[in-house]
Amino acid sequence: GAVVSQHPSWVICKSGTSVKIECRSLDFQATTMFWYRQFPKQSLMLMATSNEGSKATYEQGVEKDKFLINHASLTLSTLTVTSAHPEDSSFYICSGGAGENTGELFFGEGSRLTVL
Amino acid sequence: AQSVTQPDIHITVSEGASLELRCNYSYGATPYLFWYVQSPGQGLQLLLKYFSGDTLVQGIKGFEAEFKRSQSSFNLRKPSVHWSDAAEYFCAVAANSGNTPLVFGKGTRLSVIA
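Criteria and cut-off values
Throughout, a residue's number is its position along its own chain's written sequence, starting from 1. To read the labels, note that chains go from A and ligands from 1, taken in the order they are written. Local features in this predicted model are restricted to residues of pLDDT 70 or higher, and side-chain atom pairs are both shown and tallied only at a pLDDT of 80 or more, whereas totals for entire chains, interfaces and linings draw on every residue. The basis for every side-chain value is the complete set of non-hydrogen atoms in the structure, without hydrogens or water. Here, a disulfide means two cysteine sulfur atoms that sit within 2.5 Å of each other. Elements are defined by DSSP. Helices are runs of H or I of four residues or more, strands are runs of E of two residues or more, and each kind is numbered from the N terminus. Remark: exposure states derive from per-residue accessible area (1.4 Å probe, protein chains only) relative to the maximum for the residue type, with buried under 20%, exposed over 50%, and partly exposed in between. Put simply, a nonpolar core is a bunch of buried Ala, Val, Leu, Ile, Met, Phe, Trp, Tyr and Cys residues held in one set by side-chain atoms that sit within 4.5 Å of each other. In this description, contact between two residues means that some pair of their heavy atoms is separated by no more than 4.5 Å. Only strands that DSSP links by at least two bridges are regarded as paired with each other. Between N-to-C directions, angles span 0 to 180 degrees; the directions come from axes that are lines fitted to C-alpha atoms, helices contributing only their stretch in contact. The criterion for an aromatic pair is that two Phe, Tyr or Trp rings (for Trp, the six-membered ring) have centres within 6.5 Å, with stacked assigned to planes under 30 degrees apart, edge-to-face to planes over 60 apart and tilted to the rest. What counts as buried area is the accessible surface, traced by a 1.4 Å probe, that two parts surrender upon association, with contributions from both included. For this document, the term salt bridge refers to a Lys or Arg side-chain nitrogen within 4 Å of an Asp or Glu carboxyl oxygen. For this analysis, a polar contact is any N or O atom pair within 3.5 Å, provided that within protein one partner can donate a hydrogen and the other can accept it, and provided that sequence-adjacent residues contribute only side-chain to side-chain pairs.

So, about the state of the cysteines. For the structure shown, the criterion picks out two disulfides over all chains. Bridging A:Cys23 to A:Cys94, the disulfide has an S-S length of 1.9 Å. In this structure, the disulfide formed by A:Cys23 and A:Cys94 twists by about 85 degrees around the S-S bond and is classed as right-handed. Here the residue A:Cys23 occupies a position in strand 3 (residues 19-25), and A:Cys94 occupies one in strand 9 (residues 90-97), the gap between them amounting to 71 residues. Take A:Cys94: its relative accessible area is 0%, and that puts it in the buried class. A disulfide bridge connects B:Cys23 with B:Cys91, and the sulfur atoms are separated by 2.0 Å.

Okay, structure coming up:
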């Protein structure tokens, strides 16, 4: 299957700082990527859809000014958590479709964010 | 909008016993269905998928799932569970074959005892 790489895999930051998470499609081009958030022992919830060359679309309840998404190229989408607070601590996972017409998405390894 | 229900939050089975994890979906048309497995602190690994054809699909690690349109179900099965199968299992549905997000169920945590 196609490969999606996320970096960093884990990050610890102080409250009030910003953190950037990168999501790269290594062997396919992704015009759209999806960002999910997973709180401990919970399911994956879609946060936003990242669109190459245009603005991201956010799910209801997700603050677009807090979770900045940039999709500047067909192989890279970034999620920046601005002014992070402890409640933003979570597991963030990105995914992209490789155009196989099966509906399948390929997921990154995830990034665990801990805000102190 | 589509939705997925996994009725069992936690299941415990003995090693070597058979396993069935339940998944029901809600969607008006033919869905694209997936089962993923997640080990603690890890990303998602695709076990199997269904989008057309034979309703019984085979996946990796000895898993299989059967799509039953009449029951809106896509249950995951394994005839003999290994201790390494202990993990969180997620059923997911996509609305179509295009670039659309998956909707996940809440997951079922599988524990395996000796």
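So, on to the environment of A:Arg24. Structurally, A:Arg24 is set in strand 3. It is 5.3 Å that separates the C-alpha atoms of A:Arg24 and A:Thr75, two residues lying 51 residues apart in sequence.

Among the nonpolar cores identified, the biggest contains 26 residues, and B:Leu19, B:Trp35, B:Leu47, B:Leu48, B:Phe74, B:Leu76 and B:Tyr89 are the most heavily contacted of them. Looking at this core, the elements with two or more residues in it are strand 2 (10-14), strand 3 (19-21), strand 5 (32-38), strand 6 (45-50), strand 8 (64-68), strand 9 (73-78), strand 10 (87-94) and strand 12 (108-113) of chain B. Excluding anything up to four places from it in sequence, B:Leu76 contacts B:Leu19, B:Glu20, B:Leu21, B:Trp35, B:Leu47, B:Leu48, B:Phe63, B:Glu64, B:Ala65 and B:Tyr89. Listed in part, the 25 residues of the second largest apolar core include A:Cys23, A:Ala48, A:Tyr92 and A:Phe106.

Turning our eyes to something else, we now look at the sheet that holds strand 3 of chain A. Residue and element names in this part refer to chain A. Strand order in the open sheet formed by four strands is 1-3-8-7, with antiparallel pairing between adjacent strands. Unpaired on one side and paired on the other, strand 1 (4-7) and strand 7 (67-73) mark the two borders of the sheet. In this sheet, neighbouring strand axes are inclined to one another by 15 degrees on average, regardless of whether the strands run parallel or antiparallel. The pairing of strand 1 with strand 3 spans four bridges and is classified as antiparallel. When the sheet's bridge partners are listed, Val-4 is paired in strand 3 with Ser-25.

Turning our eyes to something else, we now look at the packing of aromatic side chains. For the structure shown, the criterion picks out 14 aromatic pairs over all chains. Relative to B:Phe104, the ring of A:Tyr36 has its centre 5.5 Å away and its plane inclined at 90 degrees; by these criteria the two rings are edge-to-face. Of this pair, A:Tyr36 sits in strand 4 (residues 32-38) while B:Phe104 sits in strand 11 (residues 103-104), each in a different chain. By relative accessible area, A:Tyr36 is classed as buried at 1%. Seen in terms of ring centroids, A:Phe67 and A:Tyr92 are 6.3 Å apart; in terms of plane orientation they differ by 45 degrees. Their pairing is tilted.

The subject of this paragraph is the interface of chain A and chain B. In this assembly, 22 residues from chain A lie in contact with 23 residues from chain B. Around 1700 Å² of area is buried between chain A and chain B when both sides are counted, 56% of it from carbon and sulfur atoms. At the boundary of chain A with chain B, the tally comes to one salt bridge. A salt bridge links B:Lys49 to A:Glu104, with the shortest nitrogen-to-oxygen separation between them at 2.5 Å. Summed over the shared surface of chain A and chain B, the result is five residue pairs in polar contact (both at pLDDT 80 or more). Elements represented by at least two residues in the side of chain A that touches chain B include exactly strand 4, strand 5 (44-51), strand 9 and strand 10 (105-107) of chain A. A total of four residues in the side of chain A that touches chain B trace back to one element, the largest contributor, which is strand 4 of chain A.

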